[in-house]
Amino acid sequence: MKILSVECIGSSVTSDQYPRERLPEVAFVGRSNVGKSSLINSLLNRKGMARISATPGKTQTLNFFKVVVGDRAVNQLFFVDLPGYGYAKTSRSVRERWGPMIEAYLSGRKQLFSVIQLVDSRGVEQHDVTTQRWLRHFGHVPIVVSTKIDKLTRGRRRSSLMGACHDLGLDSLDDILAYSAKTHEGRQELWHALRDRCVRWKHERAGD
Ligand SMILES: Nc1nc2c(ncn2[C@@H]2O[C@H](COP(=O)(O)OP(=O)(O)OP(=O)(O)O)[C@@H](O)[C@H]2O)c(=O)[nH]1
Ligand SMILES: [Mg+2]
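The paragraphs below set out a description of the structure included in this document. (Residues numbered from 1 in each chain as written. Chains lettered and ligands numbered in written order. Predicted model: local features only at pLDDT ≥ 70, side-chain atom pairs only at ≥ 80, totals over all residues. Heavy atoms only, no water.)

The subject of this paragraph is the environment of Ser53. Relative to the assigned elements, Ser53 resides in the loop between α1 (36–44) and β3 (62–69). The class of Ser53 is partly exposed, set by a relative accessible area of 23%. Sequence spacing of Ser53 and Asp71 is 18 residues, and the spatial spacing of their C-alpha atoms is 31 Å. (Helix = DSSP H or I, 4+ residues; strand = E, 2+ residues; numbered from the N terminus. Buried < 20%, exposed > 50% of the residue type's maximum accessible area, 1.4 Å probe, protein only.)

Spelled out as structure tokens, the structure:
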């Protein structure tokens, strides 16, 4: 996918702070440090667009990026970088704000056409399983991405992906995409999946 421009539109905590402009949105969900911000930068071909940190809990607000792509069927969309869940060391007041903030967005945002759920290729945790169920409950069938795949040997890859499929209750290996923000492996496939969903979503809405 050719990226024509990327602009950080701002950070939001409550719904009145979401961008006014109505564009299709895709949100990145996953536990803290799983690589959400890195995946966004990799997809957008921009190094420092979303803030990356070795310390979990870096992203603390909903961050909206307006993306213009050289594909007329998609054209413009928002990428939404969400704070990670499950980071125990974050202060309690911050944690208490996170849950409702993420839930309100994921359960209520009309123009959210797709959710990308990130899981670490080195192991799925209970929280990931709960999140998968929760997303489905709200009508989102997430695109599941197994991150940091460069950290696994070729031999361990398949068993890791099969384990994640099993734990998350996915039908087959086709339902999970291996990704490395380091080598950009998986970039084309993920854009392909996103484009497909975006086009379908626009088509369905046009009939409303
Ligand atoms: N080797 C490797 N490291 C990665 C990859 N993706 C992310 N990382 C590293 O993992 C750490 C966390 O990455 P972030 O992108 O900040 O993770 P996040 O999910 O946005 O974290 P929070 O904002 O805290 O929720 C950083 O040190 C990244 O460099 C990857 O594909 N391969
Ligand atoms: Mg982040």
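The next point concerns the side chain of Gln117. With respect to the helices and strands, Gln117 occurs in strand β5 (residues 112–120). When its relative accessible area of 0% is taken as the criterion, Gln117 is described as buried. A polar contact is formed between the side chain of Gln117 and the side chain of Gln132, at a distance of 2.8 Å. Setting aside its immediate chain neighbours within four residues, Gln117 contacts Val29, Tyr85, Asp128, Thr131, Gln132, Leu135, Pro142, Ile143, Val144 and Val145. (Polar contact = N/O pair within 3.5 Å; in protein donor to acceptor, adjacent residues only side chain to side chain. Contact = heavy atoms within 4.5 Å.)

Positionally, Asn63 belongs in strand β3. Residue Asn63 is classed as buried on the basis of its relative accessible area of 13%. At 2.8 Å, the side chain of Asn63 and the side chain of Ser11 are in polar contact. Looking at Asn63, its side chain comes within polar contact range of the side chain of Thr61, at 2.9 Å. Excluding residues that lie within four positions of it along the chain, Asn63 makes contacts with Gly10, Ser11, Phe79, Val80 and Asp81.

Take the nonpolar core next. When a protein is soluble and globular, its nonpolar side chains tend to lie buried together. If you look at the biggest cluster of nonpolar residues, it comprises 28 residues, and the most contacted ones within it are Phe28, Leu39, Phe79, Ile116 and Leu190. Within the residue set of this core, elements represented by two or more residues are β1 (3–12), β2 (25–29), α1, β3, β4 (76–81), β5, β6 (143–147) and α5 (187–206). No other element matches the 5 residues that α5 contributes to this core. Discounting residues that sit within four places of it in the chain, Ile116 has contacts with Val26, Ala27, Phe28, Val29, Leu39, Ile143, Val145, Leu190 and Leu194. Core analysis: the second largest hydrophobic core is formed by 17 residues, Leu23, Phe64, Tyr105 and Leu106 among them. (Core = buried A, V, L, I, M, F, W, Y, C linked by side-chain atoms within 4.5 Å.)

Evaluation of the coordinates by the stated rule reveals 7 salt bridges. Among the salt bridges present, the one from Lys66 reaches Glu21, with a minimum N-O distance of 3.1 Å. Taken together, the residues span a long stretch of sequence, with Lys66 in strand β3 and Glu21 in the loop between β1 and β2 at a distance of 45 residues. Accessibility expressed as a relative area gives 16% for Lys66, which makes it buried. Among the ionic pairs, Glu125 bridges to Arg31, the shortest N-O distance being 3.6 Å. In this pair, Glu125 sits in the loop between β5 and α3 (126–137) while Arg31 sits in the loop between β2 and α1, placing the two residues 94 residues apart along the sequence. Look at Glu125 and you get partly exposed, because its relative accessible area is 43%. Arg31 sits in the buried class, given a relative accessible area of 14%. (Salt bridge = Lys/Arg side-chain N within 4 Å of Asp/Glu carboxyl O.)

Let's shift gears to the sheet that holds β1. Within the open sheet, the 7 strands sit side by side as β1-β3-β4-β2-β5-β6-β7. Their pairing is mixed. Two strands lie at the open edges of the sheet, namely β1 and β7 (176–178), each paired on one side alone. In this sheet, neighbouring strand axes are inclined to one another by 25 degrees on average, regardless of whether the strands run parallel or antiparallel. Strands in contact with α5 are β1, β2, β3, β4, β5, β6 and β7; relative to β5, the strand with the most contacts, it is inclined by about 155 degrees. (Pairing = 2+ DSSP bridges. Axes fitted to C-alpha atoms, helices over the stretch in contact; angles between N-to-C directions.)

In short, the description is geometric, and any link to function would need to be established separately.
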